[in-house]
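Here are the chains, one letter per residue:
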Amino acid sequence: METLNFVLAASLKPDDYVGFTFFIGAMAMAAATVFFFIERSRVEGKWKTSMLVSGLITFIAAVHYYYMRDYWIETGTSPTALRYIDWTLTVPLMCVEFYLILRAFGAGIGLMWKMIFYSVFMLVTGYLGETIYRESSAIWGFISTLGYAGIFYEVWFGSAKKLSQSSNDPILQKAFNTLAWFIFVGWAIYPIGYMAIETDGLLSGVLSIQAMDLIYNIGDAVNKIGFGLVIYSLAIQKTNQNAKASAA
Ligand SMILES: *C/C=C(C)/C=C/C=C(C)/C=C/C1=C(C)CCCC1(C)C
């Protein structure tokens, strides 16, 4: 009986909306992973790596959501460390995706490392602002935004953008531009969640601290699954195009 009570006490409450998004997030990431791994067999050679990376991104997130879900249910608070461990693995992998699609058009490995460096800088400073230096989270949030700005610059104006433009490949350009919008709009969701920090968060008067996890969970679903679907659509289109070209 003792155990049963414990299990019941630790289950999802009907009005726990943030808890709902942790559960939905875990399942959606798992489902997306199955989809990307299975569909990988339908795309031709060089796109298989891109599909693999898409599946790894949602897989890593699925495992972390599985734990974050339980943490939230048990404590009702944010599993900050798990959240950032997930991001520290998945965000650099999203930078790898950019490199993989631009590689055929001359992207060097340096571009990939530059973007990975920006992303890790963004996450480490964001983590410090959410944990150790929470009372000065605004300053750390600003420093973190510099890393975000670096990635934003690369895909909107920098060498990544230039490589995509010089590719003369409309299918690739369309996918690249969609991914660039994900960086612009999809990634901008996160700093809004961060501003919900109670102490000096810029939106702490407007957003409750629970809103932070809600916003992060929405951001993750949009960005990780959305990003993967853009890559998938690109891979399928290029595969079909080449199949037609070799049939002709
Ligand atoms: C799958 C996870 C993704 C795409 C996570 C992205 C996270 C960010 C873009 C976080 C950005 C932040 C800032 C720009 C400033 C405040 C601190 C962060 C880390 C929330």
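Residues numbered from 1 in each chain as written. Predicted model: local features only at pLDDT ≥ 70, side-chain atom pairs only at ≥ 80, totals over all residues. Heavy atoms only, no water.

## Examining the packing of aromatic side chains
Two descriptors summarise a pair of aromatic rings, namely the distance from one centre to the other and the angle between the planes of the rings. All told, the structure shown has 24 aromatic pairs when counted by the stated rule. Above the plane of the ring of Phe23 lies Arg69, whose end atom (NZ or CZ) is 4.5 Å from the centre. (Phe/Tyr/Trp six-rings, centres within 6.5 Å; stacked < 30°, edge-to-face > 60°. Lys NZ or Arg CZ within 6 Å of the ring centre and 35° of its normal.)

## Considerations on the layout of surface pockets
When its volume is computed, the largest pocket comes out at roughly 470 Å³. What lines the largest pocket is a set of 25 residues, and nearest its centre among them are Ser144, Thr145, Tyr190, Pro191 and Tyr194. Elements supplying a minimum of two residues to the lining of the largest pocket: helix 4 (80–102), helix 5 (109–130), helix 6 (137–156), helix 9 (189–194) and helix 10 (209–247). The leading source of residues in the lining of the largest pocket is helix 6, at seven residues. (1 Å grid on protein atoms, 1.4 Å probe; cavity = no way out; pocket = protein on both sides within 12 Å on 5 of 7 lines; lining within 4 Å. Points joined across faces, edges and corners; volume = space filled by probe spheres on them. Helix = DSSP H or I, 4+ residues; strand = E, 2+ residues; numbered from the N terminus.)

## Looking at the confidence of the model for the protein
The share of residues in the protein with pLDDT of 70 or more is 96%, and the mean pLDDT across the chain is 93. Here helix 1 (residues 2–9) stands out as the least confident element of the protein, with mean pLDDT 52; helix 5 is the most confident, with 98. (pLDDT = per-residue confidence, 0-100.)

## Observations concerning the site of the ligand
The environment of the ligand is formed by 18 residues, the closest being Val91, Met122, Ser144, Tyr190 and Lys224. A molecule is said to occupy a pocket when more than half its atoms come within 2 Å of that pocket's grid points, and by this definition the ligand occupies the largest pocket. The set of elements that each furnish at least two residues to the shell around the ligand consists of helix 4, helix 5, helix 6, helix 9 and helix 10. Sort the elements by how many residues they give to the shell around the ligand and helix 4 lands first, with five residues. In the shell around the ligand, the residues fall into eleven nonpolar, five polar and two charged. (Near = heavy atom within 4 Å. Sits in = over half its atoms within 2 Å of the grid points. Nonpolar A, V, L, I, M, F, W, Y, C, P; charged D, E, K, R; others polar.)

## Some points on the packing of helix 2 (residues 17–39) against helix 10
At their nearest, the axes of helix 2 and helix 10 sit 10 Å apart, and the two run at 15° to each other. What the angle tells us is that helix 2 and helix 10 run roughly parallel. Crossing of helix 2 against helix 10: the hand is left-handed. Note on element contacts: helix 10 touches helix 2 through Gln210, Asp213, Leu214, Asn217, Asp220, Ala221, Lys224, Ile225, Gly228, Leu229 and Tyr232, opposite Tyr17, Val18, Thr21, Phe22, Ala28, Met29, Ala32, Phe35, Phe36 and Glu39. For the contact of helix 2 with helix 10, a count of residues per class yields 13 nonpolar, four polar and four charged. (Axes fitted to C-alpha atoms, helices over the stretch in contact; angles between N-to-C directions. Parallel < 35°, antiparallel > 145°, perpendicular 65-115°, else oblique. Left-handed = near helix turned anticlockwise from the far one by under 90°. Contact = heavy atoms within 4.5 Å.)

## Describing helix 5
Here helix 5 spans 32 Å end to end across 22 residues, near enough to the 32 Å set by a 1.5 Å rise per residue. What helix 5 keeps buried is the set Leu111, Met112, Met115, Ile116, Ser119, Met122, Leu123, Thr125, Gly126, Leu128, Gly129 and Glu130. On its buried face, helix 5 sits against helix 4, helix 6, helix 7 (159–166), helix 9 and helix 10. (Expected span 1.5 Å × (residues − 1). Buried < 20%, exposed > 50% of the residue type's maximum accessible area, 1.4 Å probe, protein only.)

## Considering the packing of helix 6 against helix 8 (residues 170–186)
Two elements in contact, helix 6 and helix 8, have axes whose closest approach is 10 Å; the angle formed by their N-to-C orientations is 160°. When the axes of helix 6 and helix 8 are compared, the pair comes out roughly antiparallel. Crossing of helix 6 against helix 8: the hand is left-handed. Seen from helix 6, the contacting residues are Tyr148, Ile151, Phe152, Val155 and Trp156; seen from helix 8, they are Phe176, Ala180, Trp181, Ile183 and Phe184.

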